[in-house]
Amino acid sequence: MQEERKIPTHIAFIMDGNGRWAKRRLMPRKFGHKMGVEALKRVIDACEKAGVKEVSFYALSTENWSRPKDEIDALLDMVKKFADDELQKYVEKNYRVRFMGELHRLPEVTRTALEKIARASAGNTGIVVNIGLNYGGRDEIVRAVNKLIEEKKPVTVESLNLALDTAGMNDPDVIVRSAGEKRLSNFMLWQSAYSEFVYIDDFWPDFDAATVERIIAEYSKRQRRFGALQ
Ligand code: IPE
Ligand code: IPE
Ligand code: MG
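Predicted, not measured: the structure shown is a model, and the values here were computed from it.

Peer 1: Looking at this structure, I do not really get the sheet that holds strand β2 (residues 54-58). What am I missing?
Peer 2: The strands that make up a sheet pair up through hydrogen bonds in the backbone, lying either parallel or antiparallel. Read from one edge of the open sheet, six strands run β3-β4-β2-β1-β5-β6, paired in parallel fashion. Looking at which strands have only one partner, the edges of the open sheet turn out to be β3 (96-100) and β6 (196-199). Adjacent strand axes in the sheet meet at a mean angle of 20 degrees when their direction is disregarded. One ladder, built from five bridges, connects β3 with strand β4 (residues 128-132); its direction is parallel. Its bridge partner being in β4, Arg98 is matched across the sheet by Asn130. Docked against the sheet, helix α2 (residues 29-50) engages β1 (10-14), β2 and β4, running at close to 160 degrees with respect to β2.

Right, here's the structure in full:
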């Protein structure tokens, strides 16, 4: 029997394996990140075409700062370039770009570019593209709780949902991790409570529209129960 094709509302991606992808080609890790940005753009477009409403991407974790400075600097340059280059296109395509994470630790030039694309696309009604930079699930929860304390608001599931960086977004239906690793690495800890996990062995720079189709096919086979019977 043919499985029904179910389109997830929100897919979240842990983009891993850029470094290994580059190493295999005897190239510097930076080149892996560069091709990783190309994959990011392909995956966003493929998800949009498939009818996915929200996509999240883990681009830089709160723990990634322990990497060599030149790798982080290169990565941040690429993020800035992505924001500058895609601004006009995404505004025209009706994509809305937002960010999660503590952006204040990023260099001002990077942050300015991010704020610019977020502001320019804020009114768009198409796919929501949410990118995690200096993002950590624990840090996000702590910041959200402190915000509620500061505002003297009671801490409830609903109030916390609205205080998180993902306020207004649906929880991810699927969390995808590339490169064969099977862990969250501090990604969307709160939001992943009932997410389905899909692991793809390919390195992130190899992701394309066909990978998105594989993810949707795998998700379509899953039976979600949310704690209930059947
Ligand atoms: C990209 O992959 C994820 C980021 C932290 C930007 P990696 O840079 O972790 O690549 P691997 O895991 O070393 O191959
Ligand atoms: C997770 O990948 C962070 C991002 C994808 C940005 P890492 O490569 O940093 O995770 P670990 O260290 O293998 O858990
Ligand atoms: Mg990695």
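Peer 1: I'm lost on the site of ligand 2 in this one. Help?
Peer 2: Residues in contact with ligand 2, as listed here, are Ile14, Met15, Asp16, Tyr58, Ala59, Leu60, Ser61, Asn64, Arg67, Arg177, Arg183 and Ser185. Within the side chain of Asp16, one N or O atom sits 3.2 Å away from an oxygen atom of ligand 2. At a separation of 2.6 Å, an oxygen atom of ligand 2 approaches a polar side-chain atom of Ser185. Burial of ligand 2 by the protein chains amounts to 77% of its free accessible area of 390 Å². Each residue belonging to the shell around ligand 2 can be placed in one class, and the counts come to five nonpolar, three polar and four charged.

Peer 1: Sorry if this is basic, but what is going on with the side chain of Asp173 here?
Peer 2: With respect to the helices and strands, the residue Asp173 is situated in the loop between α6 (157-163) and β5 (174-177). Within polar-contact distance, the side chain of Asp173 engages the backbone nitrogen of Thr9 at 2.8 Å.

Conventions used here
- Residues numbered from 1 in each chain as written.
- Chains lettered and ligands numbered in written order.
- Predicted model: local features only at pLDDT ≥ 70, side-chain atom pairs only at ≥ 80, totals over all residues.
- Heavy atoms only, no water.
- Pairing = 2+ DSSP bridges.
- Helix = DSSP H or I, 4+ residues; strand = E, 2+ residues; numbered from the N terminus.
- Axes fitted to C-alpha atoms, helices over the stretch in contact; angles between N-to-C directions.
- Contact = heavy atoms within 4.5 Å.
- Near = heavy atom within 4 Å.
- Polar contact = N/O pair within 3.5 Å; in protein donor to acceptor, adjacent residues only side chain to side chain.
- Areas by Shrake-Rupley, 256 points an atom, 1.4 Å probe, with all protein chains shown as cover.
- Nonpolar A, V, L, I, M, F, W, Y, C, P; charged D, E, K, R; others polar.

Read these as layout, nothing more, since geometry by itself doesn't imply function.
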